[in-house]
Amino acid sequence: MQVFGVSRGDGPIVLGQPHGGTQVPDGIAARLNENGHGLADTDWHINRLYQGLLDDATVVQSHIHRYVIDANRDPSGVSLYPGQNTTTLVPLTDFDGTSIWAEGQEPPEDEIEDRRVKYHAPYHAALEQELDRVRAKHGVAILFDCHSIRSLIPFLFEGELPIFNTGTNIGATCHPAIEQAVHGVAAGAAGFTSVLNGRFKGGWTTRHYGRPTEGRHAIQMEIAQRAYMDETPPWNWREDRAATLRPHLKAMLDRLRDLALSGALTEKGALQ
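Residues numbered from 1 in each chain as written. Predicted model: local features only at pLDDT ≥ 70, side-chain atom pairs only at ≥ 80, totals over all residues. Heavy atoms only, no water.

1. Some details on the pairing of strand β7 (residues 216–224)
Right, on to step 1. A large share of β7 lies buried, amounting to 9 of its 9 residues.
Right, on to step 2. Burial of β7 is two-sided: the residues R216, A218, Q220, E222 and A224 facing one way and the residues H217, I219, M221 and I223 facing the other way are all buried.
Right, on to step 3. Direction of pairing for strand β4 (residues 141–149) relative to β7: parallel, over a ladder of 9 bridges. Considered in β7, the bridge of I149 is made with A224.
Right, on to step 4. With 4 bridges joining them, strand β5 (residues 164–167) and β7 adopt antiparallel strand pairing. Residue pairing across strands places F164 opposite I223, the latter belonging to β7. (Buried < 20%, exposed > 50% of the residue type's maximum accessible area, 1.4 Å probe, protein only. Helix = DSSP H or I, 4+ residues; strand = E, 2+ residues; numbered from the N terminus. Pairing = 2+ DSSP bridges.)

2. Observations concerning the pattern of salt bridges
Right, on to step 1. Inspection of the entire model under this criterion finds 23 salt bridges.
Right, on to step 2. Notably, a salt bridge pairs D70 with R66, separated by 3.1 Å at the nearest N-O pair.
Right, on to step 3. Residue class for D70 comes out buried when judged on its relative accessible area of 0%.
Right, on to step 4. Take R66: its relative accessible area is 5%, and that puts it in the buried class.
Right, on to step 5. Residue R238 pairs with D230 through a salt bridge whose shortest N-O separation is 3.1 Å.
Right, on to step 6. Taking relative accessible area as the criterion, D230 reaches 22% and is therefore assigned partly exposed. (Salt bridge = Lys/Arg side-chain N within 4 Å of Asp/Glu carboxyl O.)

3. Points about empty space enclosed by the protein
If a probe the size of a water molecule is rolled over the atoms, the empty space left behind becomes visible.
Right, on to step 1. For the coordinates displayed, the defined rule picks out 1 cavity of 30 Å³ or more.
Right, on to step 2. Put simply, the largest cavity is a space of about 30 Å³.
Right, on to step 3. Forming the walls of the largest cavity are A40, D41, T42, F95, S148, I149, R150 and Q225.
Right, on to step 4. Taken together, the residues that form the lining of the largest cavity break down as 3 nonpolar, 3 polar and 2 charged. (1 Å grid on protein atoms, 1.4 Å probe; cavity = no way out; pocket = protein on both sides within 12 Å on 5 of 7 lines; lining within 4 Å. Points joined across faces, edges and corners; volume = space filled by probe spheres on them. Nonpolar A, V, L, I, M, F, W, Y, C, P; charged D, E, K, R; others polar.)

4. With respect to the confidence of the model for the protein chain
Right, on to step 1. Averaged over every residue, the pLDDT of the protein chain is 94; residues scoring 70 or more account for 95%.
Right, on to step 2. Of the regions scoring below 50 in pLDDT, residues 268–272 engages in 4 contacts with residues more than four places distant in sequence or in other chains. (pLDDT = per-residue confidence, 0-100. Contact = heavy atoms within 4.5 Å.)

5. A short note on the nonpolar core
Right, on to step 1. Within the largest apolar cluster, 59 residues are counted, with the highest numbers of intra-cluster contacts made by Y50, F144, F164, I223 and L245.
Right, on to step 2. When residues of this core are traced back to their parent elements, those giving at least two are β2 (13–17), α3 (46–50), α4 (109–138), β4, α5 (176–187), β7 and α7 (239–262).
Right, on to step 3. For this core, the element with the most residues is α7, which contributes 8 residues.
Right, on to step 4. Here I223 is in contact with L49, Y50, H147, S148, I149, I163, Y228, L245 and L249, once residues within four sequence places are set aside.
Right, on to step 5. Counting residues in each nonpolar core, the second largest holds 12 residues, with L127, L131, L143 and A218 among its members. (Core = buried A, V, L, I, M, F, W, Y, C linked by side-chain atoms within 4.5 Å.)

6. Topic: α7
Right, on to step 1. Along its 24 residues, α7 runs 34 Å from first to last C-alpha, staying within 8% of the 34 Å computed at 1.5 Å per residue.
Right, on to step 2. The sharpest bend along α7 measures roughly 30° and falls at L245, with the proline P247 sitting one to four residues further on.
Right, on to step 3. All of the buried residues along α7 are A242, L245, L249, M252, L253, D254, L256, R257, L259 and A260.
Right, on to step 4. Summarising the contacts, the buried residues of α7 are in contact with β2, α3, β4, β5, α5 and β7.
Right, on to step 5. Within two residues after α7, G263 carries a phi angle of roughly 90°, on the positive side. (Expected span 1.5 Å × (residues − 1). Bend = angle between axes of the 7 residues up to and from the residue.)

7. Quick word on the packing of aromatic side chains
Right, on to step 1. All chains considered together, the criterion is met by 6 aromatic pairs.
Right, on to step 2. For the ring pair F157 and F200, a centre distance of 6.1 Å and an interplane angle of 75° mean the geometry is edge-to-face. Of this pair, F157 sits in the loop between β4 and β5 while F200 sits in the loop between β6 (194–196) and α6 (204–209), and the two are 43 residues apart along the sequence. The same class applies to F157 as to F200, namely buried.
Right, on to step 3. Against the face of F200 rests R199, its NZ or CZ located 5.2 Å from the ring centre. (Phe/Tyr/Trp six-rings, centres within 6.5 Å; stacked < 30°, edge-to-face > 60°. Lys NZ or Arg CZ within 6 Å of the ring centre and 35° of its normal.)

8. Section: the side chain of Q220
Right, on to step 1. Within the element layout of this structure, Q220 appears in strand β7.
Right, on to step 2. One polar contact links Q220 to E222, side chain to side chain, over a distance of 3.5 Å.
Right, on to step 3. Not counting residues up to four positions away in its chain, the partners in contact with Q220 are N72, D145, H147, N165, T166, G167, F200, G202, G203 and T206. (Polar contact = N/O pair within 3.5 Å; in protein donor to acceptor, adjacent residues only side chain to side chain.)

Below, the structure is given as structure tokens:
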């Protein structure tokens, strides 16, 4: 079973895709209940959504489903949203708060650690390696962490989620110009709604790798799935919707590449 995949590009942008995988080892799948087998909380079609938008981008994608272990959670198990409903490093429930494990089959702590070593750590080792490679080549690396989620999930948030949900941990994970470039495209996209650092302020990946003073910047984009697919099984791709959405994503990535290559994000450029 391949834990992750890397498509290496020569440009300054790395696309992280921790939640698009649907692989579940047989021994773990046998312990999921009927609800868990539905894999409802997948970032469906996320690789296809970004495919070809930036020809020199590097893509690092996990092939392992988040019900095995969530590659965008703190490996220590600490919640990034204290006091709010969320799912854990190895989820016990889906996004609706409903159990995903057969009775008595929830993984114990030693198994969670084993899964972290087998599936969480290798994905992040690959992501770290690509960010270091890109930064060595360009003097700067930008991680654009790609996510999507159903529009209505009362367990996690009130009301309907905007289409574009940009997260930078309140500006801590990237140069201000990166935040402005991405949210500027989102806010100016006719017919689309957007928010900056709303319910989704950036997951563990964004917060962990976003170190602007070290030349590593990170920004998370959480897209409401109604913008490009059906939000009910079998989770069909909708080309008519995706064709409207993808140009805005391309505009974001193009702007980030231009910023990185201009030198504006280097230490010297940032201080000017």
